[in-house]
Structures are given as structure tokens and as C-alpha cells.
Amino acid sequence: MIKLNKRIILKLFFFLLITNHQEALSDCNFKSGKYITQLEKPNSVKKIIVNVPKSKSYFVNLLKIDMNTSEHSHINPKYKKKFNADIKVLYDFGTCNYKAKIWQNGDWKDHIDASKFLRSLNVRLKDGNIINSVKFKLLLPKTRNNYNEILGSLILRELGFISPETFEVDVVVNGIKSRMLFQEDSNKELLERNLRREGPIFEGDETIMFYTNSGYISSDIEIDTDQIQLARLINNNWFSKGIISQNIVIKSFFDLQNAYLEYAFNHNKTPNIIKPNMSKSNEFEDFYFMMMAMNGWHATRPHNRKYYYNSFQAKFEPIYYDGMLHLTHQINLDLENKKKSYKTGYFGYRNAFKNNYKFPYIDKINQPSFNSKITRKFKDRVISYDSNLDSFNKTSISTISKNILYLQKIINNIESSITPKESKENLRKLFLSNLNDLGFYQEYIENISIIDKNYKITTNMRSFIVDQMQLSNIFKTNKYKDKRLIFLLNSLPDFITRNNNYSAYEIPILNTKVIQSPGITVDILEDKKTINISQRNAKDWILFSSGEANDWIFNFTSLGVTSRDQNDQQSYNAYGLTGCLNFYDYKFTNVSFNIKGGGCEDSLNMVRSKGNIDKIKISNAYSDALDIDFSDLSLNLVKILKAGNDCIDLSGGDYYIDKLEVSKCFDKGVSIGEKSKVTLIDAKVDLSNIGFSVKDLSILSAKKIDSNAFMTCLESFQKKQEFGGGNVKIDILKCPSGVKIDQNSFVVYPN
């Protein structure tokens, strides 16, 4: 236990004098549904005020960290104590008051400044959100190179990489004022902001850097942990949602661990290069290229890496995190330094890229429209955009462009070396040998099997039974009952491999990739530009991805489903698909759909798609008839008859519908949620439980609505914590069953 000397007592006394204690906090004093556009902009957050009721304990905790660490040593997790906090968020149009948990952020001492009572913080809101974030960090700017992080993370997201929302904000913590960086955590909200469905998120397990059997490694001991480092699951709550989630996590975790094993074997030849699915796509090559162009080598370190598993495409995607970017630094090495860099692989030039690799975003970054968009959004993320920041912004974009051209020229002139390959079995043996050589005699999982609703774990030492929550915690912490236990399977278990039953092929005429279950039959009538698809089993499915359809007709015939399967625990299948007929990352031009039945959660599901659709006709859907997520679509006619749940479900996109007719929807005729913007010209809902449901910061603008619903013809409300109320404007409304509006929503309609 640390004794408080006179110096600390004086600091504490002074701190308590200036602490500003606030009253108990409550909700917002404005309707979030009225300010949806403003709430999308980070610069609408004028100030975040954090009050920690137990201010003495909070302050002493900071001083303990300061006294217990040398200048460059890490922060021991035992000092990352969680504190209750009251948080007030100030906007121009009002304030919000939330309850929260806060605790110390960061691994190293640069995340504290005890002389000014400042520290980087993790924040988890118990209610409400800030810019749709429930979990986020308030960072000391120096820990992320300040404006480099704001601009760099923005550029990456605009290029399509998964990157966290980051902006500058004034913060007051117990009366202490500072300017900090707000950055969202790697969780569900991050994925949705980046137009991805929720799925497994992994990261490099950096606890191995500090861990030994006797505790934590002291700062004067240097161990090459790259050869013994693996990954861990971040969002273990997703694992616990059901057996399908669990199967997806175990399969993807197994693949990622093998990528780390391969890296451990080759790390001296391929520094910082981890490639979980290089044979399937170029995302990781593109990511490494951008990190080089932005001088963000720190983001490529194995322990800093974060990954999202995209089950739609059965591949990993990199998540940007902690790059320590230097955007204005131009790469300008002389010939000798170039040769040295290639040989040592400082950025892994030789092995990061395939032969003939071409960076795909060179033209986009040089477009004036792209630069203008970046500048506009950068202004929204800083407090004061002055001449210095304008110069920084322009110089950064110009330098990145020069670095891209320079790097592409280098790569064009380098022949990739052959990276040694080893079998998975040998890689595993080499890894375990490295563990022994370094004295890390930790337990590891060799096999997993299912017993009833639990899991039997077989390790190198023993066997035992855990439930799904316990297993999810093992995956997250790499611990079981406070002792290290890592995921290192010999092979995938049978309950995973027996579900890998699908066909994959391409349709050249549509330039599209297709995967499907065995019971699907596809008949392409090229001369009629018609594709006929039929099921043999009620839940057979097909996915069209990364393609384009012009003037085609898709006919889908399904087996009828007379009742709901009580064993259905989750709405998606082992590939993350919710629909029988699915489209992902697709472009439509004057396409039509005729769908009969569908025993899946959705008869027709579209994700991250764009374009215009002439007609969608669906009848007798088992659950939702039409579900569209993260898309930008214009639909001429939508006609749906009979759905076991919602007739139409629109989420996270921009949608225009000229004429809509839906009838006999068991739940909602039209459900609009998760920051969707919908324009309706002429819409009719008949014989449904609820006509229109507009929620979670969604906007509905309608010319004419005829809603003949049993219970409610229109409702608008906030459903999820990370969003707010709805915004509805209707010119002509026929509504015999009434309208329901919660306190967060803003609705204008004729009485």
C-alpha cells in the first residue's frame, strides 16, 4: 500500500478545492429527433463535463499510477480502477446528462499528466450516447499525435477502411479543463458507422508483453514477444448471442490464430506483416500501403492490430487503431537507405505485397472532390479551423499523395521474396517451442466439443466443462480462473466443419460472385435477362456479391413455411446471412424482383447496395419480406402481400420509394431505423399490426400515407441506446388507429 507524503496531500487538498461537484444528472432537455442533422456532426459537441463523485479516490488513483511507474514503463492494470461518473454533454441547442463508468486508458505513462491532474480515460455510458457512441475514449492529444489522428482516421474511413470516429473536444473532469480527442471504441457502433453488420472483432493480445508466470515483466527486461503473441476476441457479448455466433467466432478465431502463428514463424523476415486472408482479397495489402504512406507503422504492430470478420465474404478486414500517424512527413530516402529498408523490411516492402500489386485509391485521393469532402469533414472535427490547421490539412493530403506515388514506384521495382511456408501443425509446434524457451508455460486449448448447451474444453493439461459465457470470457481475456489459457486448437471441431456445406462460383455475365446452399437451383436465361432461383428446402439461401445487374429480372420461388421453428435462436445463418435471396455490395440499374415465399428471416435482403430498382413484388414471406441495410437505393414500386413479421425493414441508409403497397404484415408494415433517411411519395399499408415505425434517429419524409393498421398507424420513438428519437414529416395522412410519439421524437403531420 502506498503512503501519502506531504507533497501528495497538498496536491490532493488543492484538487479537492477546485473540484466542481454537480447534482445528480438525468436526460436531455431537447428532442433528439428534432436535431438529427446536427447530432451527426462531431463539432455539435461543444463540451463534455465529467464529474466523479469519489473525487479523492479518483485523484489518489492517478497519483498511484504516477508514482508506480517510471517515465517509459507501462501502467499496471491493477490501477485501472473503474469509477462511477456523471457526464454532461453541452450542445448549442441543449444539454444531455448521463451516468457512466470511467477508468484509466492506455498502456504507458504518456496517458497521464499528474502535474495537471490529466489522464486519458475510457468511458462507458450507462444511458444515452455521444455521436452514437456508447463506449469511447477521451485521449490526451499527444498520445495520438493530435490532429494527425483526426485527419488520418477520417481519410481511411472515406477510402472504405474501418476507422473510428475521432474528433477534438473541450473536456472538464472534476473542474480540470483540457482539450482532448474523442475516439469511439471498437464495438458494434464502430461497425455500423462503417456500414458493416455486427460480427466478431479481434485484436492482438498485448498482455503477453507484460506477463510472466510471476506477474508482469519489468521495463528492463526485453523479450521478443512477436514470436509468442496471438490474438483475443474483443466483443465477447456477440459470441454469447447463440450457437451460430459461437460457430462463426470459433471458425474465424482459428483462422486468425493461424495467421499469428505464421507471423511468429516469419516475423524476422516479414516484420509487422499479418495476413489472415491474403489469398482471398487485397484489403491487408491496401491497409499496409496506406500505413506506409501516412507514416503509421505503429498501427501495423501485431499487438496494436484489430480485425473484423466479415462473414458475408468469409474474410477479415483490418480496423485502424493507434497509428501514431505523421501525415506531413514525406518519404524521401536515398538509394542506400532504400536498399537497407528493403533488406531489413522496416515496413515489409518485400513481403507485404504480391507481384504486380497496384494501390487502388491513387486516382481517388487525387480527385478535388475527395479533397474537398475530407476538408469539410475535418472542419467538423476540430474546434477552431484556423490558417495553421488549413495548412496542415493541405500539406498532409499533398504529402500522402506524393508518398503513395513514391511507394508505388518502389513496389513496382521490387520483386517479392518467397516467404517460407510451414504446415499448420509445424507452426503450432514451433510456437509452443518458443513458449517453452521463454519460460511461458501457459495452458492452451487443444480441442472443443459441444455437450448439451455447454462446451467441453480439452487443454494440454486437462479437460473441463464451461458454459458459453465462460468460454466467451476465455476468448476475451485469454484467462480461466485467473490463469492464462489461450485458444490454440489442433484443428477445427466437427460441429464447425460439418456446416461448411456450400457452393461458390462466379456468373461472368453479371461480373458477380455467388455462394449458395446445396438446395438452391439457378437457371439463367441470358436472352431474356432473367434469373430463376428455386429452393429445395425452406431455408436454402443464395448470396450475390460485388456485382452489377442492369435490366435483369430475378424470380425466386420458395417452399412454403406454415409455422415458426422454435429452435431458431438467431436470425442469421452460419454465413451471417439473414435472407433467402441476398445481395451484398451490389449495384442495381432498372432491376425487378418477383419473390414467392421464403423460410429465412428475410425473403429478400440487400446490404451495402446502391442504384435504382423498378419493381419488388413479394408474397407469403415467413418473417420479414424485404430487409435493406446500409444502402442507397431508389425504388419505383414495392408491393408485398403477407409477411410473418415486417413487410419492409429499412436500416442505416438512404431510400426513395415512389409507390408502396403492403398488406397483411403480422407486425409492422414499414419499419425504418438506425439513422435511415426515407422519402415516400405514395404509400399504403393495409391490415397490419403497426403501419409505420420510425425510430433511432431516422427521418421519414412522405407526401401521402394511407395507413390502415390494427393498433397504430404511425409510431416514432427511440429503441436503442446508441441512437435517439425519430423525425417524421407527412403531407397527407390517413390514420384511423392513431399516432404514438415518445418524448425524443419530432413528428409533423396533418390532424
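Structure's up top.
Conventions and cut-offs
Residues numbered from 1 in each chain as written. Predicted model: local features only at pLDDT ≥ 70, side-chain atom pairs only at ≥ 80, totals over all residues. Heavy atoms only, no water. Pairing = 2+ DSSP bridges. Helix = DSSP H or I, 4+ residues; strand = E, 2+ residues; numbered from the N terminus. Axes fitted to C-alpha atoms, helices over the stretch in contact; angles between N-to-C directions. Contact = heavy atoms within 4.5 Å. 1 Å grid on protein atoms, 1.4 Å probe; cavity = no way out; pocket = protein on both sides within 12 Å on 5 of 7 lines; lining within 4 Å. Points joined across faces, edges and corners; volume = space filled by probe spheres on them. Nonpolar A, V, L, I, M, F, W, Y, C, P; charged D, E, K, R; others polar. Phe/Tyr/Trp six-rings, centres within 6.5 Å; stacked < 30°, edge-to-face > 60°. Buried < 20%, exposed > 50% of the residue type's maximum accessible area, 1.4 Å probe, protein only. Disulfide = S-S within 2.5 Å. Expected span 1.5 Å × (residues − 1). Polar contact = N/O pair within 3.5 Å; in protein donor to acceptor, adjacent residues only side chain to side chain.

### A word on the sheet that holds strand E3 (residues 94-104)
Backbone hydrogen bonds hold the strands of a sheet together, and the pairing may be parallel or antiparallel.
Line of reasoning, step 1. Read around the closed barrel, 7 strands run E1-E2-E3-E6-E7-E9-E8, paired in mixed fashion. Recorded for the sheet is a direction-independent mean angle of 40° between the axes of neighbouring strands.
Line of reasoning, step 2. One ladder, built from 5 bridges, connects strand E1 (residues 47-51) with strand E2 (residues 83-91); its direction is antiparallel. Bridge pairing in E2 links Ile48 to Val89.
Line of reasoning, step 3. Packed on one face of the sheet, helix H3 (residues 55-68) meets E2, E3, strand E6 (121-125) and strand E8 (166-173) and runs near 105° to E2.

### Some words on the environment of Gly128
Line of reasoning, step 1. Position of Gly128 among the secondary structure elements: in the loop between E6 and strand E7 (135-139).
Line of reasoning, step 2. It is 6.5 Å that separates the C-alpha atoms of Gly128 and Glu722, two residues lying 594 residues apart in sequence.
Line of reasoning, step 3. If we ignore the near neighbours within four places in the chain, the residues touching Gly128 are Tyr98, Val134 and Gln721.

### Some details on empty space enclosed by the protein
Line of reasoning, step 1. The tally for this structure, following the rule as stated, stands at 6 cavities of 30 Å³ or more.
Line of reasoning, step 2. Space inside the largest cavity adds up to approximately 50 Å³.
Line of reasoning, step 3. Along its surface, the largest cavity is lined by Tyr58, Phe117, Leu118, Arg119, Leu121, Val173, Ile176, Ser178 and Met180.
Line of reasoning, step 4. Secondary structure elements with two or more residues in the lining of the largest cavity: strand E5 (118-119) and strand E9 (176-184).
Line of reasoning, step 5. Here the lining of the largest cavity is built from residues that sort into 7 nonpolar, 1 polar and 1 charged.

### Points about the packing of aromatic side chains
Line of reasoning, step 1. Inspection of every chain in the model, using the stated rule, returns 44 aromatic pairs.
Line of reasoning, step 2. Look at Tyr91 and Phe93: their rings are 5.2 Å apart centre to centre, the planes differ by 15°, and that puts the pair in the stacked class.
Line of reasoning, step 3. A relative accessible area of 8% places Tyr91 in the buried class.
Line of reasoning, step 4. Relative to Tyr307, the ring of Tyr260 lies with its centre 6.1 Å away and its plane at 80°, an arrangement referred to as edge-to-face. Of this pair, Tyr260 sits in helix H7 (residues 243-266) while Tyr307 sits in strand E14 (residues 306-310), placing them 47 residues apart in sequence.
Line of reasoning, step 5. For Tyr307, a relative accessible area of 0% gives the class buried.
Line of reasoning, step 6. Following the ring pairs from residue to residue traces out a cluster consisting of Phe202, Phe239, Phe253, Tyr260, Phe284, Tyr307, Tyr309, Phe316, Phe475 and Phe487.

### Examining unusual backbone geometry
Line of reasoning, step 1. If you check the backbone angles, Asp452 has positive phi at about 55° while not being a glycine.
Line of reasoning, step 2. Position of Asp452 relative to the elements: it lies in the loop between strand E16 (443-451) and strand E17 (454-459).
Line of reasoning, step 3. In this structure, Phe630 takes a positive phi of about 50° despite not being glycine.
Line of reasoning, step 4. Looking at where Phe630 falls in the secondary structure, it is placed in the loop between strand E32 (624-629) and strand E33 (632-643).
Line of reasoning, step 5. The exposure class of Phe630 is buried, given its relative accessible area of 10%.

### Here's the deal with the state of the cysteines
Line of reasoning, step 1. For the coordinates displayed, the defined rule picks out 4 disulfides.
Line of reasoning, step 2. For Cys713, the disulfide goes to Cys735, at an S-S distance of 1.5 Å. Between Cys713 and Cys735, the S-S torsion sits near -55°, and that sign places the bridge as left-handed. In this pair, Cys713 sits in strand E38 (residues 699-717) while Cys735 sits in the loop between strand E39 (727-734) and strand E40 (739-741), placing the two residues 22 residues apart along the sequence.
Line of reasoning, step 3. By relative accessible area, Cys713 is classed as buried at 1%.
Line of reasoning, step 4. By sequence order of its bonded cysteines, the chain has the disulfide arrangement 1-2, 3-4, 5-6, 7-8.

### Details of the sheet that holds strand E20 (residues 483-487)
Line of reasoning, step 1. Taken in spatial order, the 5 strands line up as E18-E17-E16-E20-E19 in an open sheet, and their pairing is mixed. This sheet does not close on itself; its edge strands, each paired only once, are strand E18 (463-466) and strand E19 (479-480).
Line of reasoning, step 2. The pairing of E16 with E17 spans 6 bridges and is classified as antiparallel. By the bridge assignment, Asn447 is partnered in E17 with Thr458.
Line of reasoning, step 3. The strands touched by H7 within the sheet are E16, E17 and E20, with E20 carrying the most contacts at an inclination of about 90°.

### Regarding helix H13 (residues 387-412)
Line of reasoning, step 1. Look at H13: 38 Å from first C-alpha to last across 26 residues, which is about the 38 Å you get at 1.5 Å a residue.
Line of reasoning, step 2. Its side-chain oxygen 3.2 Å from the backbone nitrogen of Asn388, Asp386 forms the N-cap of H13.

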